[in-house]
Amino acid sequence: MSKEPDRLFAQPLEQVPDFVFNEAVVQVFPDMIKRSVPGYPTIVENLGVLAARFAQPNTALYDLGASLGAVTQALRRHVRADGCQVIAVDNSAAMVERCRQYLTAQDSMFQELLPVQVLEADILTLALQPASVVAMNFTLQFIAPEQRLELLGCIRQALLPGGALILSEKLRFEDEEQQLLLNELHLDFKRANGYSELEIAQKRSAIEHVMKPDTLQTHEQRLLAAGFSKVVPWFQCLNFASLIALP
Ligand SMILES: Nc1ncnc2c1ncn2[C@@H]1O[C@H](C[S@+](CC[C@H]([NH3+])C(=O)[O-])CC(=O)[O-])[C@@H](O)[C@H]1O
Ligand SMILES: O=C(O)C(=O)Cc1ccccc1
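Small disclaimer: the values here were computed from a predicted structure and weren't measured. (Residues numbered from 1 in each chain as written. Chains lettered and ligands numbered in written order. Predicted model: local features only at pLDDT ≥ 70, side-chain atom pairs only at ≥ 80, totals over all residues. Heavy atoms only, no water.)

(A) Highlighting empty space enclosed by the protein. Taken as a whole and assessed by the stated rule, the structure comprises 1 cavity of 30 Å³ or more. The volume enclosed by the largest cavity comes to roughly 60 Å³. Looking at which element gives the most residues to the lining of the largest cavity, the answer is helix 7 (residues 197-207), with 3 residues. Residues of the lining of the largest cavity, tallied by class, amount to 4 nonpolar, no polar and 5 charged. (1 Å grid on protein atoms, 1.4 Å probe; cavity = no way out; pocket = protein on both sides within 12 Å on 5 of 7 lines; lining within 4 Å. Points joined across faces, edges and corners; volume = space filled by probe spheres on them. Helix = DSSP H or I, 4+ residues; strand = E, 2+ residues; numbered from the N terminus. Nonpolar A, V, L, I, M, F, W, Y, C, P; charged D, E, K, R; others polar.)

What follows is the structure, given as structure tokens:
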């Protein structure tokens, strides 16, 4: 299981292709996400702690857009409720293959972890079992905007009373000055983590058509429209935030 430094955009590309979660990204993903998303390690670790409060016996805990299963691993470490199963879902074959390897490694290192199933599937067409926890850690932003409300509605229907959706996203801001400042500070975060101006610019071109952040207000209104009763932001670092949505 190679964990290489992210140099994917270090060399000048004649044309920057749209970002895809392929084998090349899988190889560098842990390094890429840590150096690109301020607060990521804090969010992942605390997602396990938060989930433990909402998890109920004999229910499913979903990690939608699981990538390499960082959130799944945190759920398995922190949740103690009897009879729960973690279901990690991703539609990238390369991610799913490596995710399964990481989880097998976790099994060999810890005892009494929750059972886990890793599905290679599109979260837009997956039928969800009754769930007490659904985590979407930086996944909704990759779903086409016009499909986001319907997906959240399906998640709301699957959530049991007392459960929660935990949704982490990059945010955009209506206020121009706030958008400019937080964007600049995010670029400073990337520079401080060793990314060059070229890497930053090429990555931006790669994700601009595939990753479409919403404002906090859009998230809140859409979650309420999807049938959630309450939205509680619990974390923000620069332009990255995480919300708890209660059914
Ligand atoms: N329709 C879809 N169906 C299933 N998976 C999808 C879909 N669209 C995108 N994905 C998957 O969603 C993941 C988004 S990364 C999540 C990080 C992880 N949660 C983490 O906490 O480490 C976020 C990022 O890279 O910024 C990728 O693995 C995609 O294949
Ligand atoms: O790199 C960025 O600018 C991001 O906003 C986050 C990100 C992290 C990993 C893959 C794609 C996007």
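The rest of the description comes next.
(B) Summary view of the site of ligand 2. Surrounding ligand 2, one finds Phe19, Met32, Ser36, Val37, Phe142, Lys170, His186, Lys190, Lys203, Ile207, Met211 and Phe240. Between Lys203 and ligand 2, the recorded distance is 2.7 Å, taken from a side-chain N or O atom to an oxygen atom. Burial of ligand 2 by the protein amounts to 95% of the accessible area it has alone, namely 320 Å². Of the residues assigned to the shell around ligand 2, the class counts are 7 nonpolar, 2 polar and 3 charged. (Near = heavy atom within 4 Å. Polar contact = N/O pair within 3.5 Å; in protein donor to acceptor, adjacent residues only side chain to side chain. Areas by Shrake-Rupley, 256 points an atom, 1.4 Å probe, with all protein chains shown as cover.)

(C) Representation of the nonpolar core in the model. Counting residues in each nonpolar core, the largest one holds 44 residues, and the members touching the most others are Phe19, Phe29, Met32, Leu61 and Val79. Of all the secondary structure elements, the ones that give two or more residues to this core are helix 1 (23-36), helix 2 (40-54), helix 3 (70-78), helix 4 (93-109), strand 4 (131-137), strand 5 (159-170), helix 7 and strand 7 (240-246). If you tally residues by element for this core, the top one is helix 2, at 7 residues. Sequence-distant contacts of Phe19, defined by excluding residues within four places in its chain, comprise Phe9, Val25, Met32, Lys203, Ala206, Ile207 and Val210. Judged by nonpolar contacts, the second largest core, of 30 residues, contains Ala60, Val89, Leu140 and Leu223. (Core = buried A, V, L, I, M, F, W, Y, C linked by side-chain atoms within 4.5 Å. Buried < 20%, exposed > 50% of the residue type's maximum accessible area, 1.4 Å probe, protein only. Contact = heavy atoms within 4.5 Å.)

(D) Quick look at the site of ligand 1. What surrounds ligand 1 is a group of 22 residues, the closest being Tyr40, Gly65, Ser67, Asp90 and Asp122. Within the side chain of Ser67, a nitrogen or oxygen atom sits 2.7 Å from an oxygen atom of ligand 1. At 3.0 Å from a nitrogen atom of ligand 1 is found a main-chain nitrogen or oxygen belonging to Ile123. Considered on its own, ligand 1 offers 660 Å² of accessible surface; in the complex 93% of this is hidden by protein. Elements supplying a minimum of two residues to the shell around ligand 1: helix 1 and helix 3.

(E) The arrangement of the UniProt feature "domain: Methyltransferase" (unreviewed entry) in the chain in detail. In the numbering adopted here, UniProt assigns the feature "domain: Methyltransferase" (unreviewed entry) to residues 63-163. Note that residues 63-163 is 37% helix and 25% strand, and that its end C-alpha atoms are spaced 14 Å apart. (UniProt positions renumbered as here; feature names shortened; annotations may be inferred.)

(F) Quick look at the packing of aromatic side chains. Here the structure, examined in full by the defined rule, presents 5 aromatic pairs. Between Phe138 and Phe240 the ring centres are 6.0 Å apart and the planes differ by 65°, which places this aromatic pair in the edge-to-face class. Of this pair, Phe138 sits in the loop between strand 4 and helix 5 (148-158) while Phe240 is found in strand 7, placing the two residues 102 residues apart along the sequence. Here the aromatic rings of Trp234 and Phe235 are separated by 5.7 Å at their centres, their planes lie at 50°, and the arrangement is tilted. By the ring-pair criterion, three or more aromatic residues cluster together here, those being Phe19, Phe21, Phe29 and Phe142. The side chain of Arg35 reaches across the aromatic face of Tyr195, ending 3.8 Å from its centre. (Phe/Tyr/Trp six-rings, centres within 6.5 Å; stacked < 30°, edge-to-face > 60°. Lys NZ or Arg CZ within 6 Å of the ring centre and 35° of its normal.)

(G) Fine view of the layout of surface pockets. Within this model, the second largest pocket holds a volume of roughly 450 Å³. Around the second largest pocket, the lining is made up of 18 residues, and of these Lys170, Gln179, Asn183, Arg204 and Ile207 lie nearest the centre. Looking at the lining of the second largest pocket, the elements with two or more residues in it are helix 6 (176-192) and helix 7. When the residues that make up the lining of the second largest pocket are grouped by side-chain class, the tally is 7 nonpolar, 4 polar and 7 charged.

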